[in-house]
Amino acid sequence: MRLHPSAATAADITPVPGKQREHCEYLEAFRGDVKAGLISEPKTLPCKYLYDERGSELFDLITRLPEYYLTRTELGILQECLPEVARVCGPRAQVVEYGSGSGQKTRMLLHALDKPTSCALVEISRSHLAQCVKELGAELPQIQLDPVCADYTRPLVLPPAPAGTTRRVAFFPGSTIGNFDPGDAADFLAKVAETVGSDGGLLIGVDLQKDESILRPAYDDAAGVTAAFNMNLLTRVRRELEIDVSPDDFYHSAPYNHRLGRMEMHLVARRDLEFMMDGECIQFSRGESIHTENSYKYTRDGFASLADEAGWNLLRTWTDSNSLFSVHYLTVK
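Residues numbered from 1 in each chain as written. Predicted model: local features only at pLDDT ≥ 70, side-chain atom pairs only at ≥ 80, totals over all residues. Heavy atoms only, no water.

Peer 1: Sorry if this is basic, but what is going on with helix H3 (residues 69-89) here?
Peer 2: Helix length check: H3, at 21 residues, gives a terminal C-alpha distance of 28 Å against a target of 30 Å (1.5 Å per residue), a fit within 8%. Where H3 bends most, at Cys 81, the angle is about 50°, and the proline Pro 83 comes one to four residues later. Phi turns positive, to about 75°, at Gly 90, one or two residues after H3. (Helix = DSSP H or I, 4+ residues; strand = E, 2+ residues; numbered from the N terminus. Expected span 1.5 Å × (residues − 1). Bend = angle between axes of the 7 residues up to and from the residue.)

Peer 1: What exactly am I supposed to notice about the pattern of salt bridges here?
Peer 2: Any two side chains of opposite charge can pair if their charged atoms end up close together. Per the stated rule, a full pass over the model turns up 23 salt bridges. Lys 105 is the salt-bridge partner of Glu 74, the closest N and O atoms lying 2.6 Å from each other. Of the two residues, Glu 74 is situated in helix H3 and Lys 105 in helix H4 (residues 104-112); the sequence distance between them amounts to 31 residues. For the pair Glu 74 and Lys 105, one class covers both residues: buried. (Salt bridge = Lys/Arg side-chain N within 4 Å of Asp/Glu carboxyl O. Buried < 20%, exposed > 50% of the residue type's maximum accessible area, 1.4 Å probe, protein only.)

Peer 1: Could you clarify how one ought to interpret the side chain of Glu 293 in this entry?
Peer 2: If you trace the backbone, Glu 293 turns up in strand S13 (residues 289-296). The side chain of Glu 293 sits in the buried core without any salt bridge; Lys 297 is the nearest counter-charge, 8.1 Å away. (Lys, Arg positive; Asp, Glu negative; His and termini not counted.)

Peer 1: Even after reading the chapter, I still don't get the side chain of Asp 249, so can you show me in this structure?
Peer 2: Examined against the element boundaries, Asp 249 turns out to sit in the loop between helix H8 (225-241) and strand S8 (250-253). A residue is classified by how much of its surface remains accessible, and Asp 249, at 17% relative accessible area, is buried. Within the local environment of Asp 249, its side chain forms a polar contact with the side chain of Arg 271, the two groups lying 3.2 Å apart. Contact partners of Asp 249, with chain neighbours within four places excluded, come to Val 268, Ala 269, Arg 270, Arg 271 and Leu 273. (Polar contact = N/O pair within 3.5 Å; in protein donor to acceptor, adjacent residues only side chain to side chain. Contact = heavy atoms within 4.5 Å.)

Peer 1: I tried to follow the packing of aromatic side chains on my own but got confused; where do I start?
Peer 2: Aromatic ring pairs are defined here through the distance separating the ring centres and the angle between the ring planes. Tallied over the entire structure, the rule returns 18 aromatic pairs. Taking the centre distance of 5.6 Å and the plane angle of 80° together, the rings of Tyr 98 and Phe 188 count as edge-to-face. With Tyr 98 in strand S3 (residues 93-98) and Phe 188 in helix H6 (residues 182-196), the pair connects residues that are 90 residues apart, well separated along the chain. Here Tyr 98 matches Phe 188 in class, with each residue buried. Following the ring pairs from residue to residue traces out a cluster consisting of Tyr 51, Phe 59, Tyr 68, Tyr 219 and Phe 229. Sitting over the ring of Phe 284, Lys 43 keeps its end group 4.8 Å from the ring centre. Stacked on the ring of Phe 30, the Lys or Arg Arg 236 has its end atom at 4.9 Å from the ring centre. (Phe/Tyr/Trp six-rings, centres within 6.5 Å; stacked < 30°, edge-to-face > 60°. Lys NZ or Arg CZ within 6 Å of the ring centre and 35° of its normal.)

Here it is, written out as structure tokens:
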């Protein structure tokens, strides 16, 4: 495994005392976002905070649930389309993956490409990033790995591409683009276009609109894993911010918003309650919720319009036989 000297090493992305200032800055941002979300109407919390170490572990479990069609369907599409993606990308590409997670899809892409020069792995969960780097490095020692522990919704500074790199190709699998409201999604895609440059590309997974009977179980499974994933956010708020809020006072809800074409996740108060946060009294009425996540579902034409607005040309689209999910390859205009 080769690690670029300007990037974090696997040891660097493991919490150590030298990271105390960074950790304090992170906690300050976390506290500010939580307070702003809980005093707003309606109450919200950013979905990125679902992915601490425990949250990332629970999400990995979700991807293997029978109700959660997204991951296995996307994996099937990738198996079919990656040879064509490799031909389009050509040799010696640099991969930039946003949200590397467990690295399973990253591994598939790197194996398919022709002599990729490096892979920048951008991931908010430090523990998941360290594990991904370790596993990919053992399997693909010839590829330079650049771990970047960061929130990819904020400005990023990526290590430079190695000498001889022909283009940058961004990889954004898993339909995470659906977590953005459409305007924010267009802004994010425009930033990705700036990052990869005029010769760059983007391979992206996008969930498609479908019957509610398929959608709802995917976000509220019978085993309660998604509920635990959502509830873990309150556990994290209580533990890290030392706020006297009990997860037992809430329950998980995952309604489908027909008007906006999106699944939603909420934490709903079981009773009237209140607690203090930084001198502010946070109050809930019974049935009031904290909105924690959206997952927009697109039509093929709808996503093509979004990509066009953000400065991309849609080169190719692949779907499964049931049109549950889609994978797109885009090039910068």
